[in-house]
Amino acid sequence: MAFEDLKPIVEGFEEENAPLIMAGPCSAETEEQTLTTARQLARGGVKIFRAGIWKPRTKPGGFEGIGKEGLAWLKKIKEETGMKVATEVAMRSHVLDALEAGVDILWIGARTTANPFAVQEIADTLQEAGATDIPVLVKNPVNPDIELWIGALERLYNAGLRRLGAIHRGFSFYGKSIYRNPPQWHIPIELHRRLPNLPIVIDPSHMGGKRELVGPLCQQALDMKFDGLMVESHCTPDEAWSDKNQQVTPEVLKFILSSLVVRSENQETENLQNLRQQIDRVDNDLLELFNRRMEIARKIGKYKKDHSMPVVQEGRYNDLMRSRVGEAVLMGMSADFMKTVLQAIHEESVRQQLEILSEQTDSTETEE
C-alpha cells in the first residue's frame, strides 16, 4: 500500500519549506493553565495547539486527564487565538466527543497504536461519523515494531482517511540511555522509505524525557528532513501534573524554534558531489571486505566440521567485541554503533558456517 493519494495534514498553516509545528502541554490541567499556555504560544507564532485531554497511564491512581470538560477549553482557544487544536484519542467515545467539540486534529498514542482492535475501532468510528477528512497522526508503538506502526496507518487509510501522518516519539528501552525513549532513527527512516508520501512528525519531548534535550533533538529531526515537530510546552512546567521534566515554557520553545536551521536539499556543490563519490567508493570497498571475511568464515566452518567443533565459541566472540568496540571508540565512533555492526557480522558469519555444515551433511546423506 503506497498511500499515494494522501492529502496535506493541514493546509495554509505552514510556510513553504518550514516544518509543521504543534505545541502545548502534556495535559490540559485547568482552564487557566491551558489558556495561558495557548496565548503565550500563539504570541510566539505557534499555529497548532496540542493538549492531552485523556491520558492513558501504566498504573491506576495517576492523573489520567481532565476528560471531556477540557474540550470546552480547546474550543475557547480556537475562538480566541485562531489556532487549530489537537488531542489524543484512544477509543470510540473520545473520537465522538472530540468531533462534537470541533477538534481539528487527532492523534493516536503509542499504547493505542500497539492495540489493533483499538485502532480499528477509531477508524470505524471516524468512517461511520463521516469524518474521514479530519487529520489523524499515529505515534509509533511503544516497542520498535514498524509493521505494527504501518498496520495502524493502513487501518485508517482503509477506512477512507487521507490526511494521515506519523509521529515518531522514540521507543521503550530497558537499560541505560540519555533518552527516555531512544530515537532509533533507522526505524522512521525505513518508514519513510516504505511510505515516502507519509508526513512524519518528531516528538522530541517524549524522546528525550528532559527539557535540555528538546532543542538538539529538534535540530536532528530537521537535519534528517522530517516534516514537523510536536513539542510539549507548559506555562509553568515545574508545576505540571504529568511529564514535567520534558516540558519547556513557550518562551524557551520560541527560542528553540528561532535557533533551528532548516537545510535545503538544493544547495549541492561540486565538493559535496565529490565527497559522495568518495563514500560510494568506500562502500564498494566495504562490500569487498565483507565478502572476503565471509569466505574466511566459510573456511572456518569447514574446519570446525572436520574437527567436530561447535560453531559458536562465546569466549572468543566476547573478547573480539570488547577489543573491537574499544578500538572503534578511540577512533571517534559510537560504542553502540560498533556493537550493532559486529553483532550483524557475527550473525552472518554463523549463518555462513551453518550453511557449509548443512551442505556437507546433505552431501553425506546423498552418498549413503
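The present account deals with the structure reproduced in this document. The model shown is predicted, which means the values in this text are computed figures rather than measured ones.

What about the overall build of the chain?
Looking only at helices and strands, the chain features 13 helices and eight strands. In terms of principal-axis extent, the alpha carbons of the chain reach across some 80 × 50 × 40 Å. Within the chain, the fraction of its 368 residues that count as buried is 42%. As displayed, the chain offers around 20000 Å² of accessible surface, 51% of which is attributable to carbon and sulfur atoms. Across the chain, the mean location of the 44 positive side-chain charges is 4 Å away from that of the 55 negative side-chain charges.

Describing unusual backbone geometry
Here the phi dihedral of Gln184 falls at roughly 45°; this positive angle occurs in a residue that is not glycine. Structurally, Gln184 is set in the loop between strand S6 (164–168) and helix H7 (186–194). One non-glycine residue, Lys225, lies in positive phi territory at about 65°. Within the fold, Lys225 resides in the loop between helix H9 (214–223) and strand S8 (228–232). Under the relative-accessibility criterion, Lys225 is labelled partly exposed at 38%.

Describing the pairing of strand S3 (residues 84–88)
With four of five residues buried, S3 is to be regarded as a mostly interior element. Pairing between strand S2 (residues 48–50) and S3: three bridges, direction parallel. Bridge pairing in S3 links Arg50 to Ala86. For the handedness criterion, the β-α-β arrangement of S2, helix H2 (residues 69–81) and S3 is classed as right-handed. Considered for its hand, the β-α-β crossover made up of S3, helix H3 (residues 92–100) and strand S4 (residues 105–108) is right-handed.

Definitions and limits used
Residues numbered from 1 in each chain as written. Predicted model: local features only at pLDDT ≥ 70, side-chain atom pairs only at ≥ 80, totals over all residues. Heavy atoms only, no water. Helix = DSSP H or I, 4+ residues; strand = E, 2+ residues; numbered from the N terminus. Buried < 20%, exposed > 50% of the residue type's maximum accessible area, 1.4 Å probe, protein only. Areas by Shrake-Rupley, 256 points an atom, 1.4 Å probe, with all protein chains shown as cover. Lys, Arg positive; Asp, Glu negative; His and termini not counted. Charge placed at Lys NZ, Arg CZ, Asp CG, Glu CD. Pairing = 2+ DSSP bridges. Right-handed = clockwise from strand over helix to strand, strands pointing away.

Keep in mind these numbers describe shape, not what the thing actually does.
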